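Letter by letter, the chains look like this.
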Amino acid sequence: MMRAVICNTFDGVDSLVLGTMDSPKPRPHQVLVDVHAASISFMDCLMVAGKYQLRPQTPFVPGTDAAGVVAEVGSEVTRFKPGDRVICGGWSGCYAERVVASQDATVLLPDGVDFETGSIVRHCYGTARYALLDCARLQAGEVIFISGAAGGVGLAAVDLARHLGATIIAGVGTPDKAAITRAHGAQEVIVYGSEDLRQRIKDITGGKGVDVFFDNVGGEIFSTMTRLMNWGGRMLPVGFTSGEIASVPMNLPLLKNYSIVGSYWGAWAERFPQASLDADAQLLAWVAQGSIKPHVSTSLPLEEFRTGMHKVTQRLAQGRTVLRVR
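Below you will find a few notes about this structure.

Rules of the game
Residues numbered from 1 in each chain as written. Predicted model: local features only at pLDDT ≥ 70, side-chain atom pairs only at ≥ 80, totals over all residues. Heavy atoms only, no water. Helix = DSSP H or I, 4+ residues; strand = E, 2+ residues; numbered from the N terminus. Contact = heavy atoms within 4.5 Å. Areas by Shrake-Rupley, 256 points an atom, 1.4 Å probe, with all protein chains shown as cover. Lys, Arg positive; Asp, Glu negative; His and termini not counted. Charge placed at Lys NZ, Arg CZ, Asp CG, Glu CD. Buried < 20%, exposed > 50% of the residue type's maximum accessible area, 1.4 Å probe, protein only. Salt bridge = Lys/Arg side-chain N within 4 Å of Asp/Glu carboxyl O. Pairing = 2+ DSSP bridges. Axes fitted to C-alpha atoms, helices over the stretch in contact; angles between N-to-C directions. Phe/Tyr/Trp six-rings, centres within 6.5 Å; stacked < 30°, edge-to-face > 60°. Lys NZ or Arg CZ within 6 Å of the ring centre and 35° of its normal. Parallel < 35°, antiparallel > 145°, perpendicular 65-115°, else oblique. Left-handed = near helix turned anticlockwise from the far one by under 90°. Nonpolar A, V, L, I, M, F, W, Y, C, P; charged D, E, K, R; others polar. Right-handed = clockwise from strand over helix to strand, strands pointing away. Expected span 1.5 Å × (residues − 1).

**Quick look at the overall build of the protein chain**
Looking only at helices and strands, the protein chain has 11 helices and 15 strands in total. C-alpha extents for the protein chain along the principal axes are approximately 60 × 40 × 35 Å. A separation of at least 24 residues holds for 69% of the contacts in the protein chain among residues at least 6 apart in sequence. In the structure as shown, the protein chain presents an accessible area of about 13,500 Å², 50% of it carried by carbon and sulfur atoms. Taking the 30 positively charged and 31 negatively charged side chains of the protein chain as two groups, their mean positions are separated by 3 Å.

Listed below in structure tokens is the structure:
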């Protein structure tokens, strides 16, 4: 038996319970991991409320990302052995003392990188890396605007864009979130809850607009940015934390020859597992070298999962919130 956070109905965070259930058994291509830390994502919170595009069969354990130690391997696993330190993930299962993961979604954790830091790399930095490198092909010197920049994925995008040599404009909802985005590399910060986003973008870019827009928010911000792209720019719809999905007058991308490129990292990682593993290994190497610096804003014991998830849904988290399982 193991402790786990259990979702019995799609009624949101407050309906979740901390209980016990049978420990999972690895299938031939899977590893069983003793979880030390699990990362809380906005996607987890949507999923338990039935608002994500995927609905696991209930009851299920939420949680997309974990770090821990391999306890057992399936008969077809060749890349891992019991005792290996790893990060792993899937669509669910990580808010528990043990989780099974495909060997194609599991990566060795380098010495010197702790479990809490490791637990936030695959989802946050994987999403940001896929969007910036594979989808936008961000170049050094280009101007990027990142909305929701103080959240887990947003701050990862700021950190990676700095590493890639871009000029970064961070968008945040409240003034208290500005400092953390500057600390991770943003040269300019726009508090779009109290500033004129359109005028600030024009002022910062000299009227040219931005080369890349990395959007976590959707809604009105996305609609505004459709008129603030530079020639040949790339808009990246990554998430919709506002709850609103914007529509785009298609004459606008035509007039400035810009692209709108979907950036669904989870689906890409499933379709191209080796490319995803290579990307994870690259990211972890950068973490180990100190080139990028994942930020754990809050670390809570598993018993306080509701507190952590509410911080995420209420947009109070800066960086990633992590659950300590062991």
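There is more to say after this.
**Re the environment of Gly173**
As for its placement among the helices and strands, Gly173 is situated in the loop between β9 (167-172) and α5 (178-183). Remark: the alpha-carbon pair of Gly173 and Ser147, spanning 26 residues in sequence, is separated by 8.8 Å. What Gly173 contacts, discounting residues up to four positions off in sequence, is Val191, Tyr192 and Gly193.

**A few points about the side chain of Lys177**
The topology assignment puts Lys177 in the loop between β9 and α5. For the buried Lys177, no salt bridge exists, and the shortest N-O distance to an oppositely charged side chain is 6.2 Å, to Asp176. Those residues within four positions of Lys177 in sequence are excluded, and the remaining contacts are Ala150, Val172, Arg315 and Gln318.

**Looking at the sheet that holds strand β13 (residues 259-260)**
Here we have 6 strands laid out as an open sheet, ordered β10-β9-β8-β11-β12-β13, and parallel in their pairing. The open sheet is flanked by β10 (188-191) and β13, the only strands paired with a single partner. Docked against the sheet, helix α6 (residues 197-205) engages β8 (143-146), β9, β10 and β11 (210-215), running at close to 165° with respect to β10.

**Quick word on the packing of aromatic side chains**
Applying the stated criterion across every chain yields a total of 6 aromatic pairs. Ring geometry for Tyr52 against Trp91: centres 6.4 Å apart, planes inclined by 45°, an arrangement best described as tilted. In this pair, Tyr52 is assigned in the loop between α1 (42-48) and β4 (65-73) and Trp91 in the loop between β5 (85-89) and β6 (98-102), connecting sequence segments 39 residues apart. Taking the relative accessible area as the measure of exposure, Tyr52 reaches 14% and is therefore buried. Considering the side-chain rings of Tyr130 and Trp268, the 4.7 Å spacing of their centres and the 20° angle between planes classify their relative orientation as stacked. One end of the pair, Tyr130, is in helix α3 (residues 121-135); the other, Trp268, is in helix α9 (residues 265-271), and 138 residues separate them in sequence. One aromatic cluster in this structure is built from Tyr52, Trp91 and Tyr264. Cation over ring: Arg55 sits above Phe10, and NZ or CZ is 4.8 Å from the ring centre. We note Arg85 situated over the ring of Phe115; from NZ or CZ to the ring centre the distance is 4.8 Å.

**Some remarks on the pattern of salt bridges**
Any two side chains of opposite charge can pair, given that their charged atoms come close. One pass over the structure, following the stated rule, counts 10 salt bridges. A salt bridge links Arg98 to Asp34, with the shortest nitrogen-to-oxygen separation between them at 2.6 Å. Taken as a pair, Arg98 in strand β6 and Asp34 in strand β3 (residues 30-40) lie far apart in primary sequence, 64 residues in all. On the accessibility criterion, Arg98 (28% relative accessible area) is partly exposed.

**Some thoughts on the packing of α3 against helix α4 (residues 152-163)**
Close contact between α3 and α4 brings their axes to 8 Å; oriented N to C, the two are set at 55°. In terms of their interaxial angle, α3 and α4 are classed as oblique. Seen from above, α3 lies across α4 with right-handed handedness. In this structure, α3 contributes His123, Cys124, Tyr125, Thr127, Ala128, Arg129 and Leu132 to the contact, and α4 contributes Gly152, Val153, Ala156, Ala157, Asp159, Leu160 and Ala161. Counted by class, the contact of α3 with α4 contains 9 nonpolar, 3 polar and 2 charged residues.

**Some remarks on the pairing of strand β15 (residues 320-324)**
A large share of β15 lies buried, amounting to 4 of its 5 residues. Where strand β14 (residues 296-301) lies against β15, 5 bridges are found, and the strand directions are parallel. Looking at the pairing, Thr298 lines up with Thr321 of β15. With helix α11 (residues 305-313) bridging β14 and the parallel β15, this β-α-β connection has right-handed handedness.

**Focus: helix α10 (residues 273-289)**
Spanning 17 residues, α10 covers 24 Å between terminal C-alpha atoms, matching the ideal 24 Å at 1.5 Å per step. Regarding α10, the residues found buried are Ser276, Leu277, Ala279, Asp280, Leu283, Leu284, Trp286 and Val287. Those residues of α10 hidden inside the fold are in contact with β5, β7 (106-108), α2 (115-118), α3, α4 and α9. Trailing α10 by a residue or two, Gly290 shows a phi angle of about 85°, which is positive.

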